[in-house]
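Each chain is listed here by its residues.
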Amino acid sequence: MEWLTILMLEKPKAIKGWGKALFNIGGLATIVGIWGVLALRAIAMPAKLGTVGAIARSLADAYPAFPTWWIPESAAGFGISISMAALGVWLVMATKHLNRAFR
């Protein structure tokens, strides 16, 4: 972790940029994953009522033409995307705090 502290002091803009990128990627994946879960539940509703026979069990089944490998669908996937966003927030805040302390 010493290398990260050194980078935070030497190149704070780069570390803040990486933190913002991690936050944006993790946040986007989380939001799209929530929308995906809601879409799957909406698609499954007619099947539960007995109108349609097939149930889409994943986003890849529901939308085969779209690349859905990056969208979290399980608790583990959501945990990874939320952790990524939290790591990004921590990087930005820790870099700001460290640079204020050493000015």
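Before going into details, it helps to say that this report is about the structure given with it.

The rules behind the values
- Positions within a chain are numbered from 1, following the residues in the order the chain's sequence is written.
- A pLDDT threshold of at least 70 governs which residues receive local features in this predicted model, and a stricter bar of 80 or more applies before side-chain atom pairs are shown or counted, although totals over entire chains, interfaces and linings include all residues.
- Hydrogen atoms and water are omitted, and side-chain values are computed over all heavy atoms in the structure.
- Secondary structure counts use DSSP, requiring at least four H or I residues in a row for a helix and at least two E residues in a row for a strand, with both numbered from the N terminus.
- Exposed residues in this analysis have more than 50% of their type's maximum accessible area, buried residues have under 20%, and partly exposed residues fall in between, with area computed by a 1.4 Å probe over protein chains only.
- Contacts between residues were defined by any pair of non-hydrogen atoms, one from each residue, lying within 4.5 Å.
- Lines fitted to C-alpha atoms define the axes here, with helix axes fitted over just the stretch in contact, and angles between the N-to-C directions of these axes take values from 0 to 180 degrees.
- Put simply, angles under 35 degrees are roughly parallel, angles over 145 are roughly antiparallel, angles from 65 to 115 are roughly perpendicular, and the rest are oblique.
- The hand of a helix crossing depends on one turn: near helix anticlockwise from the far one by less than a right angle means left-handed, and clockwise means right-handed.
- Side-chain classes follow a simple rule in which Ala, Val, Leu, Ile, Met, Phe, Trp, Tyr, Cys and Pro form the nonpolar group, Asp, Glu, Lys and Arg form the charged group, and the remainder, Gly included, forms the polar group.

Notes on the environment of Leu 40
Following the sequence through the fold, Leu 40 ends up in helix 2 (residues 12-49). The buried category is assigned to Leu 40, whose relative accessible area is 13%. Between the alpha carbons of Leu 40 and Ala 56 there is a distance of 6.9 Å; along the sequence they are 16 residues apart. Leave out the neighbours within four places in its chain, and Leu 40 touches Ala 56, Arg 57, Ser 58, Leu 59, Ala 62 and Glu 73.

With respect to the packing of helix 1 (residues 2-10) against helix 4 (residues 75-101)
Between helix 1 and helix 4, the least distance of the axes is 9 Å, while the angle of their chain directions is 65°. What the angle tells us is that helix 1 and helix 4 run roughly perpendicular. Crossing hand, helix 1 versus helix 4: right-handed. Residues Leu 4, Thr 5, Met 8 and Leu 9 of helix 1 touch helix 4, and the partners they reach there are Trp 90, Leu 91, Ala 94, Thr 95, Leu 98 and Asn 99. Looking at the contact of helix 1 with helix 4, its residues break down into seven nonpolar, three polar and no charged.

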